[in-house]
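Structure at a glance
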Amino acid sequence: MNTTVMSRLLRRMLPVALLVLSGTWQVAAHAETNCAGGTCVFGGNGNNAMSNEEARQSKEQWNATRTLRDQKINRQEKDNAKYDRSVDLRDRCNASQNVNAYWEPTTQRCLDRRTGTQLLAP
C-alpha cells in the first residue's frame, strides 16, 4: 500500500518537476544576454566590454547610414514631385486656349510668344 501511494505521488509530481526545471533553464538562458542601451550582446567569450563597444559602434554606424538613406530617399521624392509638377504644367500649357502660349523645355515654363512672360504659375 505504501508503494501505491508513492507511485501515485511520483506520477503527479513528475510533470510539475519537469515544468519547473524547464522554467529554470529559460531564466538562465535569458540571464546570459546583455541588453544595455538598446543593443543586445550575447555573452560567452568573456570579453563583454569589447563586445559592448563593438555593438555600440555598429549601432552608431547603422544610425548614420540610416540618416543618409533617409536623406537620399527624401531627395528622390522631391525630384520626382518636381518632375511631376513640370509634366502637369507642360500638359496644361499645351492644352491652353491661348494660341500664343508655348512650352519652353530648357526653363520648363509656359511662356507667351509675344511678350516672353510666364503664363501659368507652377
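The written sequence of each chain sets the order in which its residues are numbered from 1. The predicted origin of the model limits local features to residues at a pLDDT of at least 70 and limits the giving and counting of side-chain atom pairs to 80 or more, whereas totals for whole chains, interfaces and linings rest on all residues. Water and hydrogen atoms were dropped before computing side-chain values, which therefore reflect all heavy atoms in the structure.

**Notes on the overall build of the chain**
To qualify as a helix, a DSSP run of H or I must reach at least 4 residues; to qualify as a strand, a run of E must reach at least 2; elements of each kind are numbered from the N terminus. Counting secondary structure elements, the chain contains two helices and four strands. Its helices and strands taken in sequence order, the chain reads α-β-β-α-β-β from the N to the C terminus. Per-residue accessibility, obtained with a 1.4 Å probe over protein chains only, is compared with the maximum for each type, and a residue is labelled buried under 20%, exposed over 50%, and partly exposed between these values. When burial is assessed residue by residue, the chain has 11% of its 122 residues classed as buried. Each accessible area is a Shrake-Rupley result for a 1.4 Å probe, and residues are judged covered by the shown protein chains and nothing else. Only carbon and sulfur atoms are counted for the fraction: they give 56% of the accessible area of the chain, which is about 10,300 Å².

**Considering the pattern of salt bridges**
The term salt bridge refers to a side-chain nitrogen of Lys or Arg lying within 4 Å of a carboxyl oxygen of Asp or Glu. Considering all chains together, one arrives at four salt bridges under this definition. When the shortest N-O distance is used, the salt bridge between arginine 56 and glutamate 60 registers 2.8 Å. Of this pair, arginine 56 and glutamate 60 both sit in helix H2 (residues 48-94), four residues apart, roughly one helical turn. We note a salt bridge from arginine 90 to aspartate 91, for which the minimum N-O separation is 3.9 Å. Classification of aspartate 91 as partly exposed rests on a relative accessible area of 41%. Each of the salt bridges in this network shares a partner with another, and the network as a whole consists of Glu53, Arg56 and Glu60.

**Structural notes on the side chain of asparagine 100**
Along the chain, asparagine 100 falls in the loop between H2 and strand S3 (101-104). Residue class for asparagine 100 comes out buried when judged on its relative accessible area of 19%. Contacts are residue-level and defined by heavy atoms, with any inter-residue pair within 4.5 Å sufficient. Leave out the neighbours within four places in its chain, and asparagine 100 touches Leu111, Asp112, Arg113 and Arg114.

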